[in-house]
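Fold and contact review
The lines below spell out each chain.
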Amino acid sequence: MVKPLPAAWFVPHDTNAEMRWEALRDADDGPVVGRHVPVERFFVRNHTGTPLIDPDRWRLRLFGTGLRGAPAPGRAVEFGLDDLRALPSTRLGALIECAGNGRSFFHRRQGHRVPGTPWALGGIGSALWRGVRLAEVLRAAGLTGGAVDVLPTGLDADYVVGGTNYGPVRRPLPIAKALDDALLAYEMNDEPLTPDHGAPVRLVVPGWVGVASIKWVGSIEVADHPLYSPWNTDFYRMFGPGHPPAGGAPLTAQVVKSAFELAEGARLEAGRTHRLHGRAWSGTAPVRLVEVSADGGRSWRPARLDEPARADDWTRWSFDWRPARPGRHELRARATDRGGATQPERAPFNREGYLFGAVVAHPVTVV
Ligand SMILES: Nc1nc2c(c(=O)[nH]1)N[C@H]1C(S)=C(S)[C@@H](COP(=O)(O)O)O[C@H]1N2
Ligand SMILES: [Mo]
């Protein structure tokens, strides 16, 4: 990674960096981070490493049987960064959340060891993205009515694990989602994209697992037939008991979740009221309700939603808590979205530990 990863903001996991939730709140009553996470504090998920790409020489190449004239890869329709900037731009507040966010809780709360990056809940961030709608670029490239899948490919190094070379990171996206709200983003929080987050251009696929949002995108195949890559076959499907042998359907939308802007084991003074802050989100609908329990899940009280809930972003909430007695306590938050989905007590097991959406106990020490 290129950017510094101060220990106050990040937990390192080899090629990845998890955001500390307490980094959204510097001090009890100190400066707070707004709805969008500053680029310097945004989590990073790299399969390999951050490539440095010269924006002046960068080209986006579109080809395939779903474009007029079915251009072969060698005869791709090309766009430079200036070409994309000349197309109508869109600004969109949206989350990027890793499909494995919360994975460590499969072990910590449910006793199942699963492989992969052991994220707590910090494999997520929200930013304000600016770019051009993928739909706009596909149409400019000659999209036909026969297109069914698009395959954006990253310019980072091939992903090699256990002696297998899976090739560059790439994941097919159904044409319906591509035309609905996917964005080819060149700005993050009103600044040009930085190398770690996909400069010069990345895809942002609102509501879907983070891997759909391909960084450093260099080409997009547009096909009139279904496309496959390891990222929609070997990875990012539900595997294990209760799932088909080849895995469930490729993962798409994220599940409803919530988190406290607090360190694990944070120390809070007894006998005074603390305004606890947190955020809640869902990949399918705006958040409707957040409840908090400070007694191990026996009783729940609604938190205050501090801003209007939106579908693609998280909602900040707060909750006043006056702990009476010193000692260890467990806080819990539970979100419900407008589609009626609520965080369950247990997340459905799957071998790779995807989509952990269950309620999490957050330990604090009252002093
Ligand atoms: N080219 C490329 N795109 C990628 C990845 C990658 O390793 N290479 N990681 C994906 C995954 S798994 C996630 S969760 C998000 C993370 O985005 P961020 O690093 O900007 O937070 O990028 C996605 N896009
Ligand atoms: Mo991810």
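Residues numbered from 1 in each chain as written. Chains lettered and ligands numbered in written order. Predicted model: local features only at pLDDT ≥ 70, side-chain atom pairs only at ≥ 80, totals over all residues. Heavy atoms only, no water.

The chain appears in an unreviewed UniProt entry as Sulfite oxidase from Streptomyces rubellomurinus. Quoted straight from UniProt, the Cofactor (unreviewed entry) entry for the chain says "Mo-molybdopterin". (UniProt positions renumbered as here; feature names shortened; annotations may be inferred.)

1. Structural notes on a negative patch on the surface
Among the surface-exposed residues, D54, D56, D82 and D83 lie close enough to one another that they form a single negatively charged patch. By the secondary structure assignment, D54 is in the loop between strand 2 (16-19) and strand 3 (60-63). (Patch = residues over 30% accessible without salt bridge, like charges linked within 9 Å, V, L, I, M, F, W, Y side chains within 5 Å. Areas by Shrake-Rupley, 256 points an atom, 1.4 Å probe, with all protein chains shown as cover. Salt bridge = Lys/Arg side-chain N within 4 Å of Asp/Glu carboxyl O. Lys, Arg positive; Asp, Glu negative; His and termini not counted. Charge placed at Lys NZ, Arg CZ, Asp CG, Glu CD. Helix = DSSP H or I, 4+ residues; strand = E, 2+ residues; numbered from the N terminus.)

2. Quick word on the pattern of salt bridges
This model, assessed by the stated rule, comprises 18 salt bridges. A salt bridge links R59 to E78; its shortest N-O distance comes to 3.9 Å. One end of the pair, R59, is in the loop between strand 2 and strand 3; the other, E78, is in strand 4 (residues 77-79), and 19 residues separate them in sequence. Exposure remark for R59: the relative accessible area of 37% places this residue in the partly exposed category. R275 is the partner of D320 in a salt bridge, and the nearest nitrogen-oxygen pair spans 2.8 Å. Of this pair, D320 sits in strand 21 (residues 315-321) while R275 sits in strand 17 (residues 274-281), and the two are 45 residues apart along the sequence. On the accessibility criterion, D320 (27% relative accessible area) is partly exposed. The network of salt bridges with shared partners includes R35, E307, D313 and R316. (Buried < 20%, exposed > 50% of the residue type's maximum accessible area, 1.4 Å probe, protein only.)

3. A look at the pairing of strand 5 (residues 90-97)
Walk down a regular strand and you will see the side chains alternate between the two sheet faces. Most of strand 5 is tucked away: 7 of the 8 residues are buried. Across 8 bridges, strand 5 lies against strand 6 (residues 124-133) in antiparallel orientation. If you follow I96 over to strand 6, its bridge partner there is G125. (Pairing = 2+ DSSP bridges.)

4. Quick look at the sheet that holds strand 15 (residues 257-260)
Read across the sheet, 4 strands follow the order 15-17-21-20 without closing on themselves; strand pairing throughout is antiparallel. Only two strands of the sheet have a single partner each, and these edge strands are strand 15 and strand 20 (304-305). Both strand 20 and strand 21 contribute to a ladder of 2 bridges, which runs antiparallel. When the sheet's bridge partners are listed, L305 is paired in strand 21 with W317.

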